[in-house]
Every structure is written in structure tokens, then in C-alpha cells.
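For reference, the chains in residue letters:
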Amino acid sequence: FGGPYSNAQATQALLAEADRREIPTDRMICTGDVVAYGGDPVKCVDLVRAAGIPVVMGNCEESLGFAANDCNCGFDEGSDCAEWSEAWFAGAAQALNEDAKAWMRALPRQIRFTLAGRCIGVIHGGIDAISQYIFASTPTALKADIIERLDVDAVIGGHCGLPFSEICGDGLWHNAGAIGMPANDGTTRVWFSILTPDEETGAIDITLHHFGYDHAAAAQAIHTVTPNLPYAETLEDGLWPNMSVLPKPERQQQGRPLDPRPVVWTPSASAVAAE
């Protein structure tokens, strides 16, 4: 799962969902940006740390941990998103204590694990830039190049906030989306994924799941700390307030409820959409 984004209510709901499914926290991975737009940075960090969930360093952890001047989210200078980020970033930097920032500094920039005999690398953005946006519409060749350069069979990425899976030659690129903010699809749902191996065949089932949570309380938390920012409304209507970072294909999907099919990644790297 990716992007808790200081949304404590969504993080609590995800932990409850994992418990319901009997998934231990050491079998979960967060693709970074535990802290961002939401109203509860301290509580969100405490929840993730207390659960013992492995976390890849996101650009927000890097910036907060190393006392940067901004979130390094990859927004264009002078854009609305860049201006809005100044407010929540300053608030989060003030709210988090040194212990939390030291934890952020110590996070790995990559996590690797083996599933069904294949090596999977987890990163936040890209290989050359932690805040590189890689979407479903990003050229396959770029994704395949990163997979090759990392010397892995698959990459699980974060940062872009939109879930998708794509076969890239013999490899796989997967993004579980974000739990801290809707996927710009006009619903309040947020997303995570489960990878299930078949040890006999070597296939891996990649299924995206959505869940609801107390988004009204999360929106109120934003109103309390940054009342002039539009992110509380996003939690309520499911629409991003600005789409400047999105390529045209992703912009055209705004307001359309997501319905992603599971993907079965076979040893021969062929993908079969589940019926």
C-alpha cells in the first residue's frame, strides 16, 4: 500500500482490514509518503511505526527527515500544488518530533523480497529521482528500463497515487495506489493490493482492493490544521483539486470509478485478466 498521507483514519482502517484478512504486518509493505496532505501526521507515523510495517522512504520522508525546505513532490514551481504543499509541509515539519524524523532518515530507499521464486523491488518513485511520476500511461520502455537497471523481475512503485499493473516484457510494474487520498475517480474509496503466489505454478495473482473509512473525520482533521487547503474536499468528493501532474490519459479518467481487474503474472510473464 502507498501514501497514508497523514490520514490516520484511513491508516487505522487499513490495519483493521489486514487484521480481518489475517495478514500480519510483517507481510505488508508501504511504498512511502506516510506524511503528506492529511491532518494527522504524528498519529499516522505512530500507527505505522507501532505496527512494525516495512516502509520505503518516500520523498516526503526524505524531505522531512533531512530538514529540506519543501516536500520535493515534483510539482511545477509556482503551481497551485506547490503553493499548497508549503502549508501542509511546514505544519508537518513542526508537528513531528526528532525521533520521528530520525526514523524517516533511516528508512531504506528500496526493499527487495522474493515471491514464487521471483525478485521484486519496491521503490517510491523512479530509480534516478525519488519523486518521479510513473503512471499507467508512462511508456512501457521506461518501466522496463528501470526493472532491468534494478536487476529485479518486478517493481512495485508508489508516489503517483493511482493504482495499476502492467506487464513490461518479461517483467511487471505494479502500483497499489494510495490509502490517504482517493484515486481521483469520484468516490471516497482508497486502494491497496494483495499479491498471492501459487508456489506450484509460479504464478502471482495481483489483486487491487478498495475500502471505505471515516473520511468525514479525516476531512475535519485537515480543516483543523490547514483550513485554506482544498484536500478536505477531495476526501469528500473523490476528485483531485489539481491535475497538473497527470498525463492526458489519466486526466481523462477523472470522476470515473475505478474497476481494475486482477492480473495473474505467470512465469512466462504473460498476464491474464481474471474473468
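Residues numbered from 1 in each chain as written. Predicted model: local features only at pLDDT ≥ 70, side-chain atom pairs only at ≥ 80, totals over all residues. Heavy atoms only, no water.

**Student:** Which parts of the structure should I look at to understand the pattern of salt bridges?
**Tutor:** Pairing between side chains of opposite charge can happen when the charged atoms of each approach one another. Applying the stated criterion across every chain yields a total of nine salt bridges. Among the salt bridges present, the one from E17 reaches R20, with a minimum N-O distance of 2.7 Å. Taken together, the residues E17 and R20, both in helix α1 (residues 8-20) and three residues apart, mark about one turn of the helix. Its relative accessible area of 15% is what places E17 among the buried residues. A salt bridge links R149 to D145; the nearest nitrogen and oxygen atoms lie 3.6 Å apart. Highlighted residues: R149 and D145, both in helix α6 (residues 140-150), separated by four residues, approximately one helical turn. R149 gets classed as partly exposed once you look at its relative accessible area, which sits at 43%. Among the ionic contacts, a cluster of salt bridges with common partners joins E17, R20 and R21. (Salt bridge = Lys/Arg side-chain N within 4 Å of Asp/Glu carboxyl O. Helix = DSSP H or I, 4+ residues; strand = E, 2+ residues; numbered from the N terminus. Buried < 20%, exposed > 50% of the residue type's maximum accessible area, 1.4 Å probe, protein only.)

**Student:** Got a minute to help me understand empty space enclosed by the protein in this structure?
**Tutor:** The rolling of a water-molecule-sized probe over the atoms marks out the regions of remaining empty space. As enumerated under the stated definition, the model contains two cavities of 30 Å³ or more in all. Its boundaries defined by the atoms lining it, the largest cavity holds a volume of some 240 Å³. Taken together, 18 residues form the lining of the largest cavity, with Y37, F75, Y133, M181 and W240 sitting closest to its centre. When grouped by side-chain class, the residues that make up the lining of the largest cavity number 14 nonpolar, three polar and one charged. One number sums up the size of the second largest cavity: a volume of about 50 Å³. Lining the second largest cavity we find 13 residues, and of these G2, G3, Y5, G158 and H159 sit closest to its centre. Looking at the lining of the second largest cavity residue by residue, the class counts come to three nonpolar, nine polar and one charged. (1 Å grid on protein atoms, 1.4 Å probe; cavity = no way out; pocket = protein on both sides within 12 Å on 5 of 7 lines; lining within 4 Å. Points joined across faces, edges and corners; volume = space filled by probe spheres on them. Nonpolar A, V, L, I, M, F, W, Y, C, P; charged D, E, K, R; others polar.)

**Student:** Even after reading the chapter, I still don't get unusual backbone geometry, so can you show me in this structure?
**Tutor:** The phi angle of most residues is negative, glycine excepted, and most peptide bonds adopt the trans form. The phi dihedral of A67 is positive, around 55°, even though this residue is not glycine. Within the secondary structure, A67 sits in the loop between α3 (59-65) and α4 (80-95). Under the relative-accessibility criterion, A67 is labelled exposed at 66%. Within the chain, H159 stands out as a residue other than glycine whose phi angle is a positive 70°. According to the relative accessible area criterion, H159 is buried, its value standing at 10%.

**Student:** Would you explain the packing of aromatic side chains in this entry?
**Tutor:** The geometry of an aromatic ring pair is captured by two quantities: the separation of the ring centres and the angle between the planes. According to the stated counting rule, one finds six aromatic pairs in the structure shown. With centroids separated by 5.6 Å and ring planes inclined at 65°, the aromatic side chains of Y37 and W88 adopt a geometry described as edge-to-face. In this pair, Y37 sits in the loop between α1 and α2 (41-51) while W88 sits in helix α4, placing the two residues 51 residues apart along the sequence. Taken individually, Y37 and W88 each receive the classification buried, so the pair is uniform in this respect. A ring pair is formed by Y37 and Y231, whose centres lie 4.6 Å apart and whose planes are at 45°; its orientation type is tilted. Here Y37 is found in the loop between α1 and α2, whereas its partner Y231 is found in helix α8 (residues 231-237), with 194 residues between them in sequence. In this structure Y231 comes out as buried when scored by relative accessible area, which is 3%. (Phe/Tyr/Trp six-rings, centres within 6.5 Å; stacked < 30°, edge-to-face > 60°.)

**Student:** Which parts of the structure should I look at to understand the state of the cysteines?
**Tutor:** Two cysteines joined by a covalent bond between their sulfur atoms form a disulfide. Inspection of the entire model under this criterion finds one disulfide. Covalently, C71 is tied to C73 through a disulfide, its sulfur atoms 2.5 Å apart. Sign of the S-S torsion, about -140° for the bond between C71 and C73, identifies this disulfide as left-handed. A relative accessible area of 4% means that C73 is categorised as buried. The thiol sulfur of C30 is not disulfide-bonded, and the nearest other cysteine sulfur, from C44, lies at 8.4 Å. With no disulfide partner, C168 has as its closest neighbouring cysteine sulfur the one in C160, 13 Å distant. Assessed through its relative accessible area of 5%, C168 is described here as buried. (Disulfide = S-S within 2.5 Å.)

**Student:** What is the right way to read the layout of surface pockets from this model?
**Tutor:** Its volume calculated, the largest pocket comes out at about 630 Å³. Along its surface, the largest pocket is lined by 27 residues, and R27, M28, I29, S193 and L195 are the ones closest to its centre. Elements supplying a minimum of two residues to the lining of the largest pocket: α1, β1 (111-115) and β6 (190-197). With six residues, the top contributor of residues to the lining of the largest pocket is β6. Grouping the constituent residues of the lining of the largest pocket by class yields 17 nonpolar, five polar and five charged. In this structure, the second largest pocket occupies an estimated 420 Å³ of space. In terms of lining, the second largest pocket is formed by 20 residues, of which the most central are A136, L162, P163, F164 and L258.

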